[in-house]
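The lines below spell out each chain.
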Amino acid sequence: MTRTSTQKIEIRLVTKQDVPALQAHLKRHFSESGRNGFHFFPYAPDDPIGPSGIDIEKIEIPIGEPKWQRWFMAVETGTGKVCGHVDLKGYALRTSSHRCLLGIGIEEEYRAMGLGKRLMQTGIDFARSIDTVDWLDLMVFAHNTPARKLYKSLGFEDTGYSKDLFRIGPVSIDDVSMTLNVATSTR
Ligand SMILES: CC(C)(COP(=O)(O)OP(=O)(O)OC[C@H]1O[C@@H](n2cnc3c(N)ncnc32)[C@H](O)[C@@H]1OP(=O)(O)O)[C@@H](O)C(=O)NCCC(=O)NCCS
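All values derive from a computational prediction rather than experimental measurement.

A.B. asks: Explain the sheet that holds strand β4 (residues 99-106) here, please?
C.D. replies: Across a sheet, paired strands are connected by hydrogen bonds in the backbone, their directions being either parallel or antiparallel. Taken in spatial order, the seven strands line up as β1-β2-β3-β4-β5-β7-β6 in an open sheet, and their pairing is mixed. In this open sheet, the two strands that pair with only one neighbour each are β1 (9-13) and β6 (157-168). Averaged over all pairs of adjacent strands, the angle between their axes in this sheet comes to 20°, without regard to strand direction. The sheet contact formed by β4 and strand β5 (residues 135-141) spans three bridges and is parallel. The residue bridging Cys100 from the neighbouring strand is Leu136, located in β5. Contacts from helix α1 (residues 19-30) reach β2 (69-76), β3 (82-90) and β4 within the one sheet, and its direction differs from that of β3 by about 100°.

A.B. asks: Mind showing me how you'd approach the pattern of salt bridges here?
C.D. replies: Where charged atoms of side chains with opposite charge meet at close range, the side chains can pair. Applying the stated criterion to the full structure yields 13 salt bridges. Close ionic contact of Arg28 with Glu107 constitutes a salt bridge, the shortest N to O distance being 2.9 Å. Taken together, the positions of Arg28 in helix α1 and Glu107 in the loop between β4 and α2 (115-129) put the pair 79 residues apart, joining distant regions of the chain. Taking the relative accessible area as the measure of exposure, Arg28 reaches 32% and is therefore partly exposed. A salt bridge links Arg99 to Asp137; the shortest N-O distance between them is 2.7 Å. Placement of the pair is Arg99 in strand β4 and Asp137 in strand β5, with a sequence separation of 38 residues. Relative accessible area serves as the criterion here: at 9%, Asp137 is assigned to the buried category. Connected through shared salt-bridge partners, Glu10, Arg12 and Asp18 make up one network.

Calculation criteria
Residues numbered from 1 in each chain as written. Predicted model: local features only at pLDDT ≥ 70, side-chain atom pairs only at ≥ 80, totals over all residues. Heavy atoms only, no water. Pairing = 2+ DSSP bridges. Helix = DSSP H or I, 4+ residues; strand = E, 2+ residues; numbered from the N terminus. Axes fitted to C-alpha atoms, helices over the stretch in contact; angles between N-to-C directions. Contact = heavy atoms within 4.5 Å. Salt bridge = Lys/Arg side-chain N within 4 Å of Asp/Glu carboxyl O. Buried < 20%, exposed > 50% of the residue type's maximum accessible area, 1.4 Å probe, protein only.

Geometry only, nothing functional implied.
Put into structure tokens, the structure is as follows:
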């Protein structure tokens, strides 16, 4: 299949109506983890409890309240297919409401052509636009070189390293925590 130019892919905020198309993308994307031995999610392929995906009620929780979520999706303009996403999630504790957690994923055939950078920038810009959020956190497997390079190039710094945090079958996985300060200087 010919690769789509990322210029023909638009990124927009996910609304309730978009949820089925986003969920179809997440299902395709989650099934890619572990393919060819490359894991990017902490779940075994046969794990009955998979990644939580999007929670339709949480996208309507006001930002700043515990467990709020906002998602952006990358949509191919011609076909309407959702091929990538970036999500921001508030923590459960009110005492961490000045931080949020970023997740990102792109289906395999759309990777390494600049879409990851565009989605990350969308997430960062959104976090910067929230007055109450000062830190944008993420977690990434230590072996995920493309993702770590991308995050570093956008200013994220390593804040922690957890050796052997996950075990998927015989594979032991180390995990890296990273963060970006998104506080605006006027604050
Ligand atoms: C990680 C991911 C989001 C990156 O998105 P992408 O669209 O592939 O990345 P981009 O094309 O925007 O590339 C941006 C930068 O990432 C790095 N990068 C991307 N692919 C790379 C590769 N195969 N090898 C090394 N670096 C790579 C480079 O620094 C690149 O910058 P450059 O173009 O100046 O060299 C995407 O590959 C993906 O979804 N992977 C599977 C799921 C995943 O790993 N999610 C993250 C879990 S924490």
